[in-house]
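Structure at a glance
Each chain, letter by letter, is given below.
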Amino acid sequence: MGLIKLSEDEWLDLKPDLAARKAGFAAFPQGIQQTAESAPPIQELGAMLGTVGDLQAIAQTTHEDLCLLTRAADDDQYRLIATAVAWPTDWHPADKIGKPLRALHAPIAGYEEQLATSVDAFMDKLKPGAIYGRANWFIAPTPDKRWIADAPAEQAFAHVTPENAGETLFVRSERQTLCPLPETGAILFAIGIYVEPLGALSCANQAMLVAAMETLLNGEGDRRGAPHYAAQLKTYVMRNLP
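Counting restarts for each chain, with residues numbered from 1 along the sequence as it is written. The predicted nature of this model means local features are confined to residues of pLDDT at least 70 and side-chain atom pairs, given and counted, to a pLDDT of 80 or more, with totals for whole chains, interfaces and linings taken over all residues. Side-chain measures here rest on the full set of heavy atoms in the structure, leaving out hydrogens and waters.

1. What about the pairing of strand β3 (residues 65-70)?
The cut-off we apply is this: The rule is simple: take the accessible area with a 1.4 Å probe, protein chains only, and divide by the maximum for that residue type; under 20% is buried, over 50% is exposed, in between is partly exposed. Elements are defined by DSSP. Helices are runs of H or I of four residues or more, strands are runs of E of two residues or more, and each kind is numbered from the N terminus. Two strands make a pair as long as DSSP finds a minimum of two bridges between them.
The element β3 is largely enclosed, with a buried count of six among its six residues. Where β3 lies against strand β4 (residues 79-84), five bridges are found, and the strand directions are antiparallel. By the bridge assignment, Leu68 is partnered in β4 with Ala82.

This is the structure we're talking about:
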């Protein structure tokens, strides 16, 4: 899972661009999704973050997109009960709301076989006061913070060549954190999105990305469109390494 424990001052981005957040939700109102049981956790979340208002108002004060999950007494999995997502990475909140963890991750290659049991156990043991984080990465054909890959990958990455990959491929880093809410028992899953062109990364990070790409191509690569940009990315990086 790659989780590490965080202190409270390492939890959320301390310098959110509030204008960008407001514009993000104005352009993507379908990022706000709620189920009937989400009201108490949303109210608790607002109090925790010092914000009065609905879920969108709360999420407009943070750099991170916010998702809430709860587990009913008669359920064996946590379910997604609320989303405030302005900048999704290739998912539609309306398609995920109300679903349990395993269904949420169903498209991810190897999740059920390799991670599902561990994730369920970790969520069950997560205690109030603890904050955990991890990072995830994607390659996108756009610098936009909101990226939903509705076009076929062969079309979306058709313009990428080994010569221009540094300017036409963008590395999306997701800084993901998990934090339980003490009163309702809901878990806040926060997703901070950061996007940089491939060419802006250090040579060391570019080399690490090439190594990670090899692993991606052996499992998750097809879903992420990697066969349509991996060779161009690798050639670009290898040509420019000192």
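Past the structure itself, the notes keep going.
2. Quick notes on the pairing of strand β5 (residues 131-140)
With three bridges joining them, strand β1 (residues 4-6) and β5 adopt antiparallel strand pairing. Each bridged residue has a counterpart across the sheet, and for Ile4 the counterpart in β5 is Gly133. Sheet topology places β5 next to strand β6 (residues 170-180); nine bridges connect them, and they run antiparallel. Paired with Trp137 across the strands is Ser173, a residue of β6.

3. Describing the sheet that holds β6
Heads up, the condition is: A fitted line through C-alpha atoms represents every axis, and for helices the fit uses only the stretch in contact; the resulting angles, taken between N-to-C directions, go from 0 to 180 degrees.
What the seven strands build is an open sheet, ordered β1-β5-β6-β7-β3-β4-β2; its pairing is antiparallel. With one partner strand each, in any of the chains shown, β1 and β2 (32-34) form the two edges of the open sheet. Here the average twist between neighbouring strands, direction ignored, is 30 degrees.

4. So, the nonpolar core
Condition: Side-chain atoms within 4.5 Å are what join buried Ala, Val, Leu, Ile, Met, Phe, Trp, Tyr and Cys residues into a set we call a nonpolar core. Note on definitions: a residue-residue contact is assigned when non-hydrogen atoms from the two residues lie within 4.5 Å.
The biggest cluster of nonpolar side chains holds 42 residues, and the ones touching the most others in it are Leu45, Leu66, Leu68, Ala84, Leu101, Met123 and Leu188. Among the secondary structure elements, those contributing two or more residues to this core are α2 (39-49), α3 (55-59), β3, β4, α5 (101-104), α6 (111-125), β6 and β7 (187-197). The element contributing the most residues to this core is β7, with six residues. Not counting chain neighbours up to four residues away, the residues in contact with Leu68 comprise Pro41, Ile42, Leu45, Arg79, Leu80, Ile81, Ala82, Leu181, Ala186, Ile187 and Leu188. Ile139, Leu169, Leu198 and Leu209 belong to the second largest nonpolar core, which has 18 residues in total.

5. Concerning the environment of Gln60
Counting through the fold element by element, Gln60 comes out in the loop between α3 and β3. In the structure, Gln60 is positioned 107 residues away from Glu167 in sequence and 30 Å away in space, judged by C-alpha atoms. In this view, Gln60 contacts Leu18, Arg21, Lys22 and Phe25; residues no more than four positions away in its chain are not counted.

6. Focus: the pattern of salt bridges
We count it as follows: Definition used for salt bridges: Asp or Glu carboxyl oxygen within 4 Å of a side-chain nitrogen of Lys or Arg.
All chains considered together, the criterion is met by five salt bridges. Glu163 serves as the salt-bridge partner of Arg239, at 2.9 Å between the closest nitrogen and oxygen. Here Arg239 is found in helix α10 (residues 230-240), whereas its partner Glu163 is found in the loop between α7 (153-156) and α8 (165-168), with 76 residues between them in sequence. Note on accessibility: Arg239 and Glu163 belong to one class, exposed. Lys234 serves as the salt-bridge partner of Glu214, at 3.3 Å between the closest nitrogen and oxygen.

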